[in-house]
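# Examination of the molecular architecture
The lines below spell out each chain.
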2 protein chains.
Amino acid sequence: MYRTHTCGELRLANVGETVTLAGWVQRTRKMGGMTFVDVRDRYGITQIVFEEQTPSQLPLKGEGGHLQEQTSSQTHSTLPLEGERGEGLLFDQANKLGREYVVQVTGNVNERSNKNKNLPTGDIEIIATELKVLNAAQTPPFTIEDQSDGGDDLRMKYRYLDLRRTPVRKNIELRHKMTMEVRRYLDSLGFLEIETPMLIGSTPEGARDFVVPSRMNPGQFYALPQSPQTLKQLLMVSGMDRYFQIVKCFRDEDLRADRQPEFTQIDCEMSFVTQEDILQTFEGMAKHLFRELRGIELEGAFPRMTWADAMKYYGSDKPDTRFEMKFVELKDVFAQAPGFAVFDDAQYIGGICAKGQAVYTRKQIDQLTDFVKRPQIGAKGLIYARIQEDGTVKSSVDKFYGEDILNALKERMNAQPGDLILILCGDDAMKTRKQLCELRLEMGARMGLRDKNKFSLLWVIDFPMFEWSEEEGRLMATHHPFTHPKDEDIPLLDTDPAAVRADAYDMVCNGVEVGGGSIRIHDPELQDKMFRILGFTEERAQEQFGFLMNAFKYGAPPHGGLAYGLDRWVSLFAGLDSIRDCIAFPKNNSGRDVMLDAPACLEQKQLDELYLSLVPVKNEK
Amino acid sequence: MYRTHTCGELRLANVGETVTLAGWVQRTRKMGGMTFVDVRDRYGITQIVFEEQTPSQLPLKGEGGHLQEQTSSQTHSTLPLEGERGEGLLFDQANKLGREYVVQVTGNVNERSNKNKNLPTGDIEIIATELKVLNAAQTPPFTIEDQSDGGDDLRMKYRYLDLRRTPVRKNIELRHKMTMEVRRYLDSLGFLEIETPMLIGSTPEGARDFVVPSRMNPGQFYALPQSPQTLKQLLMVSGMDRYFQIVKCFRDEDLRADRQPEFTQIDCEMSFVTQEDILQTFEGMAKHLFRELRGIELEGAFPRMTWADAMKYYGSDKPDTRFEMKFVELKDVFAQAPGFAVFDDAQYIGGICAKGQAVYTRKQIDQLTDFVKRPQIGAKGLIYARIQEDGTVKSSVDKFYGEDILNALKERMNAQPGDLILILCGDDAMKTRKQLCELRLEMGARMGLRDKNKFSLLWVIDFPMFEWSEEEGRLMATHHPFTHPKDEDIPLLDTDPAAVRADAYDMVCNGVEVGGGSIRIHDPELQDKMFRILGFTEERAQEQFGFLMNAFKYGAPPHGGLAYGLDRWVSLFAGLDSIRDCIAFPKNNSGRDVMLDAPACLEQKQLDELYLSLVPVKNEK
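The shown structure was predicted, so the numbers you read here are calculated from the model rather than taken from an experiment.

### Here we look at the overall build of chain A
Helices and strands together make up the secondary structure of chain A, namely 18 helices and 23 strands. Whereas a compact globule of 621 residues would reach a radius of gyration of roughly 25 Å, chain A reaches 32 Å, over 25% beyond that. Projected onto its principal axes, the C-alpha positions of chain A cover 95 × 80 × 55 Å. Looking at chain A alone, contacts between residues at least 24 apart form 66% of all its contacts between residues at least 6 apart. Here chain A contributes 77 positively and 94 negatively charged side chains, and the mean placements of these two sets differ by 3 Å.

Spelled out as structure tokens, the structure:
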């Protein structure tokens, strides 16, 4: 047996016991005739004391109070077992320990005179009687401390060392706890976790599929699932009633800042349900997770906001509702007094009111202007209005507007003395709202309104069924082609499909979409119509979704579901900026695992077996 | 809301309630003025009654006792809500229902006069007041009953219908329960479930890797893991201490009868442990699963058998110990009286004693002889000896041996009157033992000793470290190159590596290897030596396992682990002959998903994006 206890386990109640610990050397400190070694494992850190004096010298020792003497005599009593090893040797050995050595230490638990209140084991220490080096260690390329000195690339290359750091380890532990709680909750409601295959067929948006050549079927390929969408719908046709799966999904796309080629979904589907049933079930799950993992009781029902309102008031389908600062439409206010061409020509004018920010200097306003003019945001400029202490309005456009209009603005914005009004305008209402959304989020951040420890959840509902794709020149499914239109909008499918709303919903937390789903079509005729609107020929629809459409002919129940992004969900609970930090072995922005050095070239023999050859990459630039 | 209850939920206590159920039409029966419809969902079956009579006619009705009248009056009381729909219409509607129609039925719970004791809901029925067809269904291609009339291929193509059958559904439910219990058990012991990546690098036995071309890194490939072996070892270097994962693994190999290209492992690893710690931990898990899932209390510690003994007494490293019938070595018995060339020349002679089987006829013995002579087994012949009622021995070789030798045989075999001794011999002891193993299993089956509801578990330990590969002309790792040799055998690495035993262990149940693992090497020098013995050049070892060997330089703890085959484990608990039956969407023996029709050809555009071209397959035959 390598240990009697972990390094996070011993307390005052264990004083007097002889124990064996094993772990990594976190640090060593030599102080006079003693060497202190902090030994670390996943569970904590325990201080080990190695004493220079042999026990027989102890009574002569000048320093050291009652407690130490007592401990030393305990040490003495176990010494005969270790007859061949002098204390001096043990002390020398301890002084040779390097950082991250793997050690096994036996000794006696002693109450510390100088307790460390920051450490759960800080009341005790171990007076060592035996030390065994289980493995030596080279000096790690960066310090294994909460705040590492290692850069991102170095930490990724040595991810196995990075994972030894407490903050990283805690993310992995949180991830484990979250999946346990998700399963506990869903199991308690009768959901079955059902594994769907990883080797499936390539789907229509095939460009994003990772494909897998089959050796047994030369020239043919599997695809890795982007999600188990169609498979979970088949499980509903199977009568499985309530399905979930915590499952890897794959997308071979250019990786934006916070995407991974493989990611994990909490994937769920239910039969014989309406949208309301699903929202209730998964609102319950969110509450369960907040309660169990963060000790937060989310009170009341989650607010529900239509997609139209979310766009109108927040310029986003995932509004950060930790703070208000809603958009106010101002076109009609300024239309009363034409003359300022920028506003006169704008199709949309919208403002936000930053409470108490009238103190913003010219320079700060200029920074904000630069912010909204950045290419990623693309606004042409920023108009502001300060409400001064006397209630008068000082604005960048006050040469164009009289006091009446500025007062009307103040009133419309419900602005008080000391507030700062920020206004954007543009030709395209949707684009301008998105710009204003960025400005709102920036102001929220500057004003400290986006506290990572505050959580604001809501449902965004009634998404549009279709989006117009300029690229494809056709309507595309906003969610996916199996999404059920709202019953009251079904007649519009024939007359004005772009106006059709769907039974689709997203759960949003702090401005992040943490989950989303929809009620699915279970009527084969409606599904046919949907494919026609989406521009699928019957042949192509059959080719790509034939197995699902055929399945629906044998009695599909009404069903719907939802998928959560586990990585995003854990990041949110852990307060992380990137999903990468909650993944044990993540890939970088080029989709590479720098630790494993994957992907890599194959041996010719492997290619031959797959009947594949490589096409040279032409440098087109 | 689609339903107030499931189809498995209603009992006598619900009588008098108005309920709504939803599900599939299992069958309809018209009997006189009533139509009975069994509606099925995942939870059960409930009988729905549609009556021809309108309620106002009921008092005139001749048949029907008190209960029916009472129920009918209840029906009547809810009728005004359904004013527009006459009862007659409802009855006609019910008579038009086809098999597998999806329906929603509202009605009143009634106590049945003719109870069905085989059904949990058999005490009640629903007197229907409303019926809604949620979806029609074509006639399914096979019957959705416990015993289907569908062949294997048809059932796989329509797997979503096959899954509606109760026995198949129960396997999927059992699988869910098993993973829940595995997680519960391991979580309670401080194991963390940690996801390891699916897109990794190709490994040395690369021929079996599925590879995945990377669009972002043209010409380079990921590989899908055959197991997370090296990654879990890295997690131990990370200090994660106790890891597990229920994880998909992939192997692109010719599929033997009961293999799948993707399969699921319960993968575990622990730090600071000896073999004993691991055996205890996972013996505990097996006991937990048997208790929770089968209600079976496995008493006492699992027997442990060395690999050498398993081969000697059972001719297999996964002995079926539900029955004894151990091998007995007979070479020395027959050597006392040379003359029978077959025995005289044999290097090995072994027998088994089939209790009470002396009644075997000549014809039955001939069948057994044919059995062992099949090419898959390859024995040259079978020798038998019957112990007759009077204790004398009647044998196929009694012309070569006198009574003394035959009695010595009887004594050695510990055979009693009525027993049948079966003997194989051969030049190669190991080969002959494997043949005798097949014969033993066959006899066990014939004698009813291999009851699927009896479970006999044991550990097979002390596996040989290496096996000689004729093909490669070198020693290969029996388990894998990271397996730790037994401490006492380490000196043999230099002198007689083929004799080295490993700290490797398999859990065996009923003749099936359900899990296996080993203590790993954590000492970089020992690992180097191992690679040398296995014929790796330093360069090649570095190329293939560099990341692991480097990681070990930074302080690897002693560690070891084990992996269970989930599919096999569920099959065992469910008493299935094939792992396929416990997989929701399995592949066939050619690695094809016939339902999804995968794998399939890609579009040229997809190949172009991956910089791949297909090499035509030459017909070499």
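### Re unusual backbone geometry
For the bond running from Ala598(A) to Pro599(A), omega is 0 degrees, close enough to zero to count as cis. If you trace the backbone, Pro599(A) turns up in the loop between α17 (566-574) and α18 (604-609). Phi angles above zero are rare outside glycine, and Glu100(B) is one such case at about 70 degrees. On the secondary structure map, Glu100(B) appears in the loop between α2 (87-95) and β4 (102-111). By relative accessible area, which is 1% here, Glu100(B) ends up buried. In this structure, Asn414(B) takes a positive phi of about 55 degrees despite not being glycine. Topologically, Asn414(B) is positioned in the loop between α12 (403-412) and β16 (420-426). Using a relative accessible area of 54% as the deciding quantity, one classes Asn414(B) as exposed.

### Quick word on the interface of chain B and chain A
At the junction of the two partners, chain B supplies 126 residues and chain A supplies 126 residues. Ranking the residues of chain B by area buried against chain A places Glu195(B), Phe272(B) and Tyr554(B) at the top, with a combined share of 8%. At the boundary of chain B with chain A, the tally comes to 10 salt bridges. Of the charged contacts, one joins Arg3(A) and Asp241(B) as a salt bridge, the two residues approaching to 2.7 Å between their closest N and O atoms. Remark: the boundary between chain B and chain A carries 60 residue pairs in polar contact (both at pLDDT 80 or more). Of the residues in the side of chain B that touches chain A, the class split is 71 nonpolar, 27 polar and 28 charged. Examined bridge by bridge, strand β23 (residues 612-614) of chain A and strand β23 (residues 612-614) of chain B share three bridges and lie antiparallel to one another.

### Section: the pairing of strand β20 (residues 504-509) of chain B
For a regular strand, side chains alternate in direction, first toward one face of the sheet and then toward the other. Residues and elements named next belong to chain B. For β20, the tally of buried residues reaches six of six residues, placing the bulk of the element in the interior. Residues Ala504, Asp506 and Val508 line one face of β20 and the alternating positions Tyr505, Met507 and Cys509 line the opposite face, and both faces are buried. Summarising the sheet, strand β17 (residues 457-461) and β20 pair through five bridges and their orientation is antiparallel. If you follow Leu457 over to β20, its bridge partner there is Cys509.

### A closer look at the environment of Asp345(A)
Topologically, Asp345(A) is positioned in helix α10 (residues 341-345). C-alpha of Asp345(A) to C-alpha of Ala335(A): the two residues are 10 residues apart in sequence and 9.9 Å apart in space.

### Section: the relation of the copies chain B and chain A
When chain B is fitted onto chain A, the two copies agree to an RMSD of 0.0 Å after a turn of 180 degrees and an axial shift of 0.0 Å. Given the turn and translation reported, the copies of this chain are related as if by a two-fold rotation axis. Looking at chain B, 99% of its interface residues are interface residues in chain A too, so the copies touch through the same face.

### Re helix α8 (residues 307-314) of chain B
All names here are of chain B. Of the residues making up α8, those classed as buried are Ala310, Met311 and Tyr314. Seen from one end, α8 has its buried residues packed into an arc of 105 degrees, which puts them on one side. Packing partners of the buried residues in α8 comprise β11 (304-306), α13 (429-446) and β17. Where α8 terminates, the next one or two residues include Gly315, which has phi positive at roughly 65 degrees.

### Remarks on the sheet that holds strand β14 (residues 383-387) of chain A
All names here are of chain A. Judged by pairing direction, the sheet is antiparallel, and its five strands sit side by side in the order β12-β13-β16-β14-β15 without closing on themselves. Where the open sheet ends on each side, the last strands, each with one partner, are β12 (328-329) and β15 (393-395). Of the pairings in the sheet, the one linking β14 to β15 comprises three bridges and is antiparallel in character. Residue pairing for β15: Arg386 is matched across the bridge by Lys394. The strands touched by helix α12 (residues 403-412) are β12, β14, β15 and β16 (420-426); relative to β15, the strand with the most contacts, the crossing angle is about 100 degrees.

### Brief notes about the nonpolar core
A general feature of soluble globular proteins is that nonpolar side chains tend to end up buried together. Tyr160(A), Leu224(A), Leu234(A), Tyr160(B), Leu224(B) and Leu234(B) are the most contacted members of the largest nonpolar core, which totals 128 residues. When neighbours within four sequence positions are excluded, Tyr160(A) is seen to be in contact with Met595(A), Leu234(B), Val237(B), Ser238(B), Phe547(B), Asn550(B), Ala551(B) and Tyr554(B).

### A few points about α12(A)
For the α-helix, the turn length of 3.6 residues means that residues three or four positions removed from each other point alike. Residues and elements named next belong to chain A. Residues of α12 that are buried: Ile405, Leu406 and Leu409. The arc that holds every buried residue of α12, seen down its axis, measures 100 degrees, which confines them to one face. Away from its buried face by more than 90 degrees, α12 exposes Glu403, Asp404 and Glu411. Close packing links the buried residues of α12 with α9 (331-335), β14, β15 and β16. Looking at the residues trailing α12, positive phi occurs at Asn414, about 55 degrees.

### As for the pattern of salt bridges
Residues and elements named next belong to chain B. By the definition in use, this model includes 98 salt bridges over all chains. Ionic pairing is found between Glu262 and Lys587, a salt bridge with its closest N-O pair at 2.7 Å. In this pair, Glu262 sits in strand β10 (residues 262-271) while Lys587 sits in the loop between α17 (566-574) and α18 (604-609), placing the two residues 325 residues apart along the sequence. Among the ionic pairs, Lys529 bridges to Asp494, the shortest N-O distance being 3.1 Å. With a gap of 35 residues between them, Lys529 in helix α15 (residues 524-533) and Asp494 in helix α14 (residues 492-495) connect regions that are remote in the sequence.

### Focus on the pairing of strand β21 (residues 512-519) of chain B
Residues and elements named next belong to chain B. Burial of β21 is extensive: six of the eight residues sit out of reach of the surface. Note that β20 and β21 share six bridges and pair antiparallel. Within β21, the residue paired with Val508 across the bridge is Glu513. Where β20 folds back onto β21 in an antiparallel hairpin, the turn is made up of two residues, including Asn510, whose phi is positive at roughly 55 degrees. Relative to strand β22 (residues 559-565), β21 runs antiparallel, the two sharing five bridges. The residue of β22 that forms the bridge with Gly515 is Tyr564.

### Some remarks on the side chain of Gln435(B)
All names here are of chain B. Along the chain, Gln435 turns up in helix α13. Residue Gln435 is classed as buried on the basis of its relative accessible area, which comes to 10%. In this structure the side chain of Gln435 is engaged in a polar contact, spanning 3.3 Å, whose partner is the backbone oxygen of Gly378.

### Observations regarding the packing of helix α5 (residues 166-188) of chain A against helix α5 (residues 166-188) of chain B
Geometrically, a packed helix pair is captured by the angle between its two axes and the distance between the axes. The interhelical angle for the contact between α5(A) and α5(B), taken along N-to-C directions, is 135 degrees, at an axis separation of 11 Å. With respect to each other, α5(A) and α5(B) are oriented oblique. Classified by chirality, the crossing of α5(B) by α5(A) is left-handed. Counting all contacts with α5(A), which are made through His176(A), Met180(A), Arg183(A), Arg184(A) and Asp187(A), the residues of α5(B) involved are His176(B), Met180(B), Arg183(B), Arg184(B) and Asp187(B). Across the contact of α5(A) with α5(B), the residue classes tally to two nonpolar, two polar and six charged.

Scoring rules and cut-offs
Residues numbered from 1 in each chain as written. Chains lettered and ligands numbered in written order. Predicted model: local features only at pLDDT ≥ 70, side-chain atom pairs only at ≥ 80, totals over all residues. Heavy atoms only, no water. Helix = DSSP H or I, 4+ residues; strand = E, 2+ residues; numbered from the N terminus. Rg over C-alpha atoms; globule rule 2.2 N^0.38 Å. Contact = heavy atoms within 4.5 Å. Lys, Arg positive; Asp, Glu negative; His and termini not counted. Charge placed at Lys NZ, Arg CZ, Asp CG, Glu CD. Buried < 20%, exposed > 50% of the residue type's maximum accessible area, 1.4 Å probe, protein only. Buried area = accessible area lost by both parts, 1.4 Å probe. Salt bridge = Lys/Arg side-chain N within 4 Å of Asp/Glu carboxyl O. Polar contact = N/O pair within 3.5 Å; in protein donor to acceptor, adjacent residues only side chain to side chain. Nonpolar A, V, L, I, M, F, W, Y, C, P; charged D, E, K, R; others polar. Pairing = 2+ DSSP bridges. Least-squares fit on C-alpha atoms with pLDDT ≥ 70 in both. Arc of directions from axis to C-beta. Axes fitted to C-alpha atoms, helices over the stretch in contact; angles between N-to-C directions. Core = buried A, V, L, I, M, F, W, Y, C linked by side-chain atoms within 4.5 Å. Parallel < 35°, antiparallel > 145°, perpendicular 65-115°, else oblique. Left-handed = near helix turned anticlockwise from the far one by under 90°.

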